[in-house]
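# Inside the fold
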Amino acid sequence: MPDNFFKATRAVTEDRTIRIGYGGKIAPQWGIRQLASWVETLRSEGLDIEVTLVGDKVSGAGTAEQNKKFRHETAVLLERIQARQLGAMERQDVLKEMRRMDFVWCWRPADFENHTLELSSKLVENVIAGLPCIAFPSPVNTGVLEEDYPFYAKDLD
């Protein structure tokens, strides 16, 4: 990390809207489908949730046909939850946008997180910036953030 890494302080809002932000590539194993599903469920239970996505890359599903299908399905899901989509931004601008959020989405499914040694750069950047990141409690994440990190989620419950 650069010495002058942007240090965020979240702005406090007076309304009761829960703001969840995601910045980065949208791929099948990056948990965007789960985010949309969880938001739909939580809204049906009365929570006011706003989702903001920063980034314009949607891929990683395999073949060209699978990618086309994934892009279409993702667009439908994001439209259904009325996600605010901001397109591509410089890294520092992504962090500034995430600063407006109550939570940053760094969650990836168990079948991915439990079988990789990868540490998400989104998680690293946002935690260093002081932002509460929703993440899966994988061995790698708990090794870095400790077991008692308060924003772990295995599933919607």
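What comes next is a walk through the structure. These figures come from a predicted structure and were not determined experimentally.

Okay, the pairing of strand 1 (residues 18–23) next. Looking along a regular strand, one sees the side chains alternate between the two faces of the sheet. Within strand 1, five of the six residues are buried, leaving the element largely enclosed by the surrounding structure. Inspection of the sheet shows strand 1 paired to strand 2 (residues 49–54) by six bridges, in the parallel sense. The residue bridging Arg19 from the neighbouring strand is Glu50, located in strand 2. Considered for its hand, the β-α-β crossover made up of strand 1, helix 1 (residues 32–44) and strand 2 is right-handed. In this sheet, strand 4 (residues 103–105) lies alongside strand 1 in parallel orientation, the contact comprising two bridges. Of the residues in strand 4, the one forming a bridge with Gly21 is Val104.

Most of strand 2 sits inside the fold, with five of its six residues counted as buried. Sheet analysis places strand 2 next to strand 3 (residues 84–85), joined by two bridges and oriented parallel. Bridging across to strand 3, Leu53 finds its partner in Gln85. With helix 2 (residues 64–80) bridging strand 2 and its parallel neighbour strand 3, the resulting β-α-β unit is right-handed.

The next subject is the nonpolar core. The biggest cluster of nonpolar side chains holds 24 residues, and the ones touching the most others in it are Ile32, Val51, Leu53 and Trp105. Taken together, the elements giving at least two residues each to this core come down to strand 1, helix 1, strand 2 and helix 2. When residues of this core are assigned to their parent elements, the largest contribution, five residues, is made by helix 1. Other than its neighbours up to four places away in sequence, Val51 contacts Ile20, Leu35, Val39, Ile81, Ala83 and Arg84. Membership of the second largest hydrophobic core comes to 15 residues, among which are Val54, Val104, Cys106 and Ala135.

Take the packing of aromatic side chains next. When we look at a pair of aromatic rings, we describe it by the centre distance and by the angle of the planes. Applying the stated criterion across every chain yields a total of eight aromatic pairs. Taken together, a centroid distance of 5.7 Å and an interplanar angle of 70 degrees make the contact between Phe103 and Phe151 edge-to-face. Taken together, the residues Phe103 in strand 4 and Phe151 in the segment after helix 6 (139–145) connect sequence positions 48 residues apart. Owing to a relative accessible area of 25%, Phe103 belongs among the partly exposed residues under this scheme. On the basis of an interplanar angle of 40 degrees and a centroid distance of 5.7 Å, the ring pair of Trp105 and Trp107 is categorised as tilted. By relative accessible area, which is 2% here, Trp105 ends up buried. For Trp107, a relative accessible area of 4% gives the class buried. Grouping aromatic residues by their ring pairs yields a cluster made of Trp38, Trp105, Trp107 and Phe136. A cation over an aromatic ring shows up here: Lys25 above the ring of Trp30, its NZ or CZ 5.8 Å from the ring centre.

Criteria and thresholds
Residues numbered from 1 in each chain as written. Predicted model: local features only at pLDDT ≥ 70, side-chain atom pairs only at ≥ 80, totals over all residues. Heavy atoms only, no water. Buried < 20%, exposed > 50% of the residue type's maximum accessible area, 1.4 Å probe, protein only. Helix = DSSP H or I, 4+ residues; strand = E, 2+ residues; numbered from the N terminus. Pairing = 2+ DSSP bridges. Right-handed = clockwise from strand over helix to strand, strands pointing away. Core = buried A, V, L, I, M, F, W, Y, C linked by side-chain atoms within 4.5 Å. Contact = heavy atoms within 4.5 Å. Phe/Tyr/Trp six-rings, centres within 6.5 Å; stacked < 30°, edge-to-face > 60°. Lys NZ or Arg CZ within 6 Å of the ring centre and 35° of its normal.

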